[in-house]
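Report on the structure
Residues per chain, in single letters:
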Amino acid sequence: MKKDEPPLDFPDTLEGFEYAFNEKGQLRHIKTGEPFVFNYREDLHRWNQKRYEALGEIITKYVYELLEKDCNLKKVSIPEGYGVIVLNPNENYIEVEKPKMHIQSSSDSSDEPAEKRERKDKVSKETKKRRDFYEKYRNPQREKEMMQLYIRENGSPEEHAVYVWDHFIAQSAAENVFFVAHSYGGLAFVELMIQREADVKSKVTAVALTDSVHNVWHQEAGKTIREWMRENCCNWVSSSEPLDTSVESMLPDCPRVSAGTDRHELTSWKSFPSIFKFFTEASEAKSSSQKPALTRRSHRIKHEEL
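What counts and how
- Residues numbered from 1 in each chain as written.
- Predicted model: local features only at pLDDT ≥ 70, side-chain atom pairs only at ≥ 80, totals over all residues.
- Heavy atoms only, no water.
- Salt bridge = Lys/Arg side-chain N within 4 Å of Asp/Glu carboxyl O.
- Helix = DSSP H or I, 4+ residues; strand = E, 2+ residues; numbered from the N terminus.
- Buried < 20%, exposed > 50% of the residue type's maximum accessible area, 1.4 Å probe, protein only.
- Pairing = 2+ DSSP bridges.
- Axes fitted to C-alpha atoms, helices over the stretch in contact; angles between N-to-C directions.
- Contact = heavy atoms within 4.5 Å.
- Arc of directions from axis to C-beta.
- Polar contact = N/O pair within 3.5 Å; in protein donor to acceptor, adjacent residues only side chain to side chain.

If you look the protein chain up in an unreviewed UniProt entry, it shows as ARB2 cotranscriptional regulator A from Nannospalax galili.

Points about the pattern of salt bridges
Applying the stated criterion across every chain, the model contains 6 salt bridges. A salt bridge links E53 to K50; the shortest N-O distance between them is 3.9 Å. In this pair, E53 and K50 are both assigned in helix α1 (residues 45–70), 3 residues apart and thus about one turn of the helix distant. A relative accessible area of 24% means that K50 is categorised as partly exposed. When the shortest N-O distance is used, the salt bridge between R196 and D166 registers 2.7 Å. Taken as a pair, R196 in the loop between α4 (184–195) and α5 (197–203) and D166 in helix α3 (residues 157–169) lie far apart in primary sequence, 30 residues in all. Given the relative accessible area of 23%, R196 is considered partly exposed. The class for D166 is partly exposed, based on a relative accessible area of 26%.

Quick word on the sheet that holds strand β7 (residues 233–237)
Taken together, 4 strands build an open sheet; the order of strands is β5-β6-β7-β8 and the sheet is parallel. Looking at which strands have only one partner, the edges of the open sheet turn out to be β5 (177–182) and β8 (256–258). Each strand axis lies, on average, 20° off the axis of its neighbour in the sheet, ignoring direction. Direction of pairing for β5 relative to strand β6 (residues 204–210): parallel, over a ladder of 6 bridges. Of the residues in β6, the one forming a bridge with V180 is A208. In the packing of helix α7 (residues 267–287) onto the sheet, the strands contacted are β5, β6 and β7, and the crossing angle to β6 comes to about 160°.

So, helix α6 (residues 223–232)
Three or more residues of α6 are buried, namely I225, R226, W228, M229 and N232. Here the buried residues of α6 occupy an arc of 160° about the axis, which is enough to place them on one side.

With respect to the environment of K286
Relative to the helices and strands, K286 is located in helix α7. When the C-alpha positions of K286 and N176 are compared, they lie 9.1 Å apart, and in sequence the two are 110 residues distant. In this structure K286 touches E175, N176, K203 and T205, once residues within four positions along its chain are discounted. Of note is the side chain of K286, whose polar atom sits 3.4 Å from the side chain of T205.

Let's talk about unusual backbone geometry
Its identity as a non-glycine residue notwithstanding, D211 has a phi of 50°, on the positive side. Positionally, D211 belongs in the loop between β6 and α6. Residue classification places D211 among the buried residues on the basis of a relative accessible area of 12%. The backbone of D244 shows a phi angle near 75°, a positive value even though the residue is not glycine. Turning to its location among the elements, D244 is positioned in the loop between β7 and β8.

Laid out in structure tokens, this is it:
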């Protein structure tokens, strides 16, 4: 903590933060009416970050209560009996102070071909680089070196996706399952397809990716997976082009269109009208045993249609 930094004793209610949701569901300051401001105190990034996280916990609880009360959804702990509610698959771990001791990793005694092992090592390093970036962005001024104790069967976004599929989606009676996968979630979905290809194809109707960071080459997605993605997935990517404008891709997987914004964190919200239209057309096409044409479109949705 810096010398002049205020204590981290934040309120435990929205009202305590002087925020509330208006009739449009927008978070606004009670007195000024302004949206949330991250830099509440200048030159105190760590304090602002902790304030942001504390407010986020309150909003998360608020949203969960709405989902249970208004949408009749059930909140469950996963894994079963573990007593942990998973809120974000990128943070499925408990942080504890790392002991000051060097743990030497065991040597790789795999009999895999060198080329395949090299590709796996490359994917592993890129995945670690992404996770390190997210962790640095989430808490860039961590005071202690920490280690991660991963939650059983949900130690990574990829494991979490497979777990949720096996324990919830695969056992549900739903005939039309739709995915919205943002950023790293797209990579987790591709990994799910690799591990549960036949099951996913039989149950999932369409997949909307938003600024996904997946890579079918590095993840070694087979030809049948790439073909299925071309017909049933669409990736709304960050772009300065108008919503739904076709964006060229270097990967042989799914079509890419503009999300109507160049801000990564807004791609899901900005593309929702197109995503739900995409899902509707995919569902109708499945009912009539036809393939949806929306994934290959390049025209814009007119504003009067939204």
